[in-house]
2 protein chains.
Amino acid sequence: MATRTGQDGLSRERIVDAAIAMLDEGGDGALTFRALSTRLKTGAGAIYWHVANKSELLSAATDAILAEALRSDEADTSPRGQIRAIALGLFDAIDEHPWVGGQLSRLASQAGTLQIFERIGQQVEALGVPAGEQFYAASALLNYILGSAGQNAANARVHEPGTSRADLLGAEAAVWTSLDPATFPFLHRVARQMGDHDDREQFMAGIDLILAGISAGR
Amino acid sequence: MATRTGQDGLSRERIVDAAIAMLDEGGDGALTFRALSTRLKTGAGAIYWHVANKSELLSAATDAILAEALRSDEADTSPRGQIRAIALGLFDAIDEHPWVGGQLSRLASQAGTLQIFERIGQQVEALGVPAGEQFYAASALLNYILGSAGQNAANARVHEPGTSRADLLGAEAAVWTSLDPATFPFLHRVARQMGDHDDREQFMAGIDLILAGISAGR
DNA sequence: ACCTGAACACCGTTCAAGT
DNA sequence: ACCTGAACACCGTTCAAGT
């Protein structure tokens, strides 16, 4: 019964894995069907036998990363702890695969986004938020997460793939400092904080702010 | 002194205006240099004399819409009222030009994004948030806005440009209802609310949630 | 200084032809 | 059933040549 399903022979899984590897290595622009088929030592059109088109391939790659990220075994089982764990899991996954952030923020109601929304919604319910307010509360958390994801991806895109986080923030802080203090007083004032803040901590502070707002409403 | 600067003769402004019109009419994919040069009755390469490349053109188009959107003359001068006015102005602008949402969510620290951040930051300061927390508070608001912008743009992208908001939400609600209730209890439960909720109200509810969280912290 | 338009180096996708 | 690879219909961008 051992039909060929190993090293050789194309498969959807092999294609998705290769796509993820290429996206990780070279970012958004690195994934082309030509480069992909070269890497897989096959013809350009062969991929279309297993995958409908590039858009579906990107969705599959994104969903694969998300499925991994959402497989949390968080010790803290309180709804608040669960929500924080979901958010952190996503942040770390996007930090490791910045292209996922871009994908997420431009894909509405794709499988992956719906999964995230469901997970958050369940915990919002567990939090004791009244039925009529759960939809808004969960949406706020989701949109905040997706916005942060998009910015994270955008930051990774402008700098070359290897840039360290410190250099990245430093460069941004330098831009802010160079702005006219009269028209940009706020950016000028917080430029220092921008230079050496912790992205992850900042991200979680936003989650906590929304959670506080949800609690304050009752 | 009347050198030719009217109907004929290309200019950066005419190019940006034409680009905005094309993006409004056909969405993200409709803007190509070929179609643009046809519309402007000029050669493909002529545009490059006034604009560095497509990316710069998109930024200029986005910034033009944002500048308009941020020119608010809100009566309510309280910091909270100002923040709400900024958010609403952006929501309406993106609702009218969905491609701006996509642009915003994939452009970090472009001129437009910085302007928004500055405006929000100033009001966060006026709100009386301690200096050390202003950066996080303003970031949370910004990321939420950008996330909502991206989802808005994504929703517009999947359906054809003419689709009414009711049809759009109805289609989405139908998808949620069709999901397995065992694995997607939350989505199933809120599908009805999804079907007939008010996007604008939902968006502002998120802003209010974050503002409540900011106040609750003190 | 500004514009033309052919040419270059790419894309995603299709499809007859092979095995 | 699965794969090949040439071909098609596009892109953004460049650049010699024009005015």
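Computed from a prediction, not measured in an experiment: that's the story for all the values here.

Describing the protein's contact with DNA strand D
Then, in step 1: As a matter of local geometry, DNA strand D sits amid 17 residues, with A:Thr42, A:Gly43, A:His50, B:Arg34 and B:Lys54 nearest to it.
Then, in step 2: A share of 54% is what sugar and phosphate atoms reach among the atoms of DNA strand D within 4 Å of the protein.
Then, in step 3: Take B:Phe33: an N or O atom from its main chain is 3.1 Å from a phosphate oxygen of DNA strand D.
Then, in step 4: In the surface near DNA strand D, the residues fall into seven nonpolar, eight polar and two charged.

Focus: the relation of the copies chain A and chain B
Then, in step 1: Superposition record for chain A on chain B: RMSD 0.0 Å, screw rotation 180°, translation along axis 0.0 Å. The superposition operator between the copies reduces to a two-fold rotation axis.

Thoughts on the packing of helix 4 (residues 79–96) of chain B against helix 6 (residues 111–126) of chain B
Residues and elements named next belong to chain B.
Then, in step 1: Interhelical geometry of helix 4 versus helix 6 gives an angle of 160° and a closest axis separation of 8 Å. One element, helix 4, and the other, helix 6, form an angle in the roughly antiparallel class. Considering how the two elements wind past one another, helix 4 and helix 6 form a crossing that is left-handed. Residues Pro79, Gln82, Ile83, Ile86 and Leu90 of helix 4 form the contact with helix 6, whose participating residues are Ile116, Arg119, Ile120, Gln123, Val124 and Ala126.
Then, in step 2: In the contact of helix 4 with helix 6, the residues fall into eight nonpolar, two polar and one charged.

Overview of the UniProt feature "domain: HTH tetR-type" (unreviewed entry) in chain A
Then, in step 1: Feature annotation in UniProt assigns "domain: HTH tetR-type" (unreviewed entry) to the following positions: residues 9–69 of chain A.
Then, in step 2: The span residues 9–69 of chain A is 62% helix and 0% strand, and its two end C-alpha atoms sit 29 Å from each other.

As for the pattern of salt bridges
Then, in step 1: For the coordinates displayed, the defined rule picks out 20 salt bridges over all chains.
Then, in step 2: Linked through salt bridges whose partners overlap, the residues forming this network are A:Arg80, A:Arg84 and A:Asp208.

Description of the packing of helix 3 (residues 54–70) of chain A against helix 4 (residues 79–96) of chain A
Residue and element names in this part refer to chain A.
Then, in step 1: Their axes nearest at 9 Å, the elements helix 3 and helix 4 cross at an angle of 135°. Between helix 3 and helix 4, the crossing angle belongs to the class labelled oblique. Handedness of the crossing formed by helix 3 with helix 4: right-handed. In contact with Ile65, Leu66, Ala69 and Leu70 of helix 3, helix 4 contributes Ile86, Gly89, Leu90 and Ala93.

Regarding the protein's contact with DNA strand C
Then, in step 1: The full set close to DNA strand C counts 17 residues, and A:Arg34, A:Lys54, B:Thr42, B:Gly43 and B:His50 are the nearest of them.
Then, in step 2: Among the atoms of DNA strand C lying within 4 Å of the protein, the sugar-phosphate backbone contributes 56%.
Then, in step 3: Contact distances for DNA strand C include 3.4 Å between a base oxygen and a backbone N or O atom of B:Gly45.
Then, in step 4: Classifying every residue of the surface near DNA strand C gives seven nonpolar, eight polar and two charged.

Some details on helix 3 of chain A
All names here are of chain A.
Then, in step 1: Here helix 3 spans 24 Å end to end across 17 residues, near enough to the 24 Å set by a 1.5 Å rise per residue.
Then, in step 2: Buried within helix 3 are the following residues: Leu57, Leu58, Ser59, Ala60, Ala61, Thr62, Ile65, Leu66, Ala69 and Leu70.
Then, in step 3: Residues of helix 3 that are buried make contact with helix 1 (12–26), helix 2 (33–39), helix 4, helix 5 (98–106) and helix 6 (111–126).
Then, in step 4: The opening residue of helix 3 is Asn53, an N-cap whose side-chain oxygen sits 3.3 Å from the backbone nitrogen of Ser55.

Brief notes about the packing of aromatic side chains
Then, in step 1: Scanning the model with the defined rule gives 16 aromatic pairs over all chains in all.
Then, in step 2: Through successive ring pairs, a cluster of aromatic residues spans A:Phe117, A:Phe135, A:Tyr136, B:Trp176 and B:Phe186.

A word on the domain arrangement of chain A
Residue and element names in this part refer to chain A.
Then, in step 1: Split into domains, chain A comes out as domain 1 (12–65) and domain 2 (76–217).
Then, in step 2: For domain 1 versus domain 2, the distance between C-alpha centres works out to 27 Å.
Then, in step 3: Counting residues at the interface gives eleven residues for domain 1 and twelve residues for domain 2.
Then, in step 4: Between domain 1 and domain 2, roughly 980 Å² of surface is buried when both sides are summed, and carbon and sulfur atoms account for 62% of that area.
Then, in step 5: When residues of domain 1 are sorted by the area they lose upon contact with domain 2, Asp28, Thr62 and Ile65 head the list and together hold 46% of the total.
Then, in step 6: Where domain 1 touches domain 2, the interface holds one salt bridge.
Then, in step 7: We note a salt bridge from Arg157 to Asp28, for which the minimum N-O separation is 3.8 Å.
Then, in step 8: Put simply, domain 1 and domain 2 have four residue pairs in polar contact (both at pLDDT 80 or more) between them.
Then, in step 9: Those elements that place two or more of their residues in the side of domain 1 that touches domain 2 are helix 1 and helix 3.
Then, in step 10: Here the element with the most residues in the side of domain 1 that touches domain 2 is helix 3; it accounts for six residues.
Then, in step 11: Its residues placed into classes, the side of domain 1 that touches domain 2 shows five nonpolar, two polar and four charged.

Conventions we followed
- Residues numbered from 1 in each chain as written.
- Chains lettered and ligands numbered in written order.
- Predicted model: local features only at pLDDT ≥ 70, side-chain atom pairs only at ≥ 80, totals over all residues.
- Heavy atoms only, no water.
- Near = heavy atom within 4 Å.
- Polar contact = N/O pair within 3.5 Å; in protein donor to acceptor, adjacent residues only side chain to side chain.
- Nonpolar A, V, L, I, M, F, W, Y, C, P; charged D, E, K, R; others polar.
- Least-squares fit on C-alpha atoms with pLDDT ≥ 70 in both.
- Axes fitted to C-alpha atoms, helices over the stretch in contact; angles between N-to-C directions.
- Helix = DSSP H or I, 4+ residues; strand = E, 2+ residues; numbered from the N terminus.
- Parallel < 35°, antiparallel > 145°, perpendicular 65-115°, else oblique.
- Left-handed = near helix turned anticlockwise from the far one by under 90°.
- Contact = heavy atoms within 4.5 Å.
- UniProt positions renumbered as here; feature names shortened; annotations may be inferred.
- Salt bridge = Lys/Arg side-chain N within 4 Å of Asp/Glu carboxyl O.
- Expected span 1.5 Å × (residues − 1).
- Buried < 20%, exposed > 50% of the residue type's maximum accessible area, 1.4 Å probe, protein only.
- Phe/Tyr/Trp six-rings, centres within 6.5 Å; stacked < 30°, edge-to-face > 60°.
- Domains from an automatic or database assignment.
- Buried area = accessible area lost by both parts, 1.4 Å probe.

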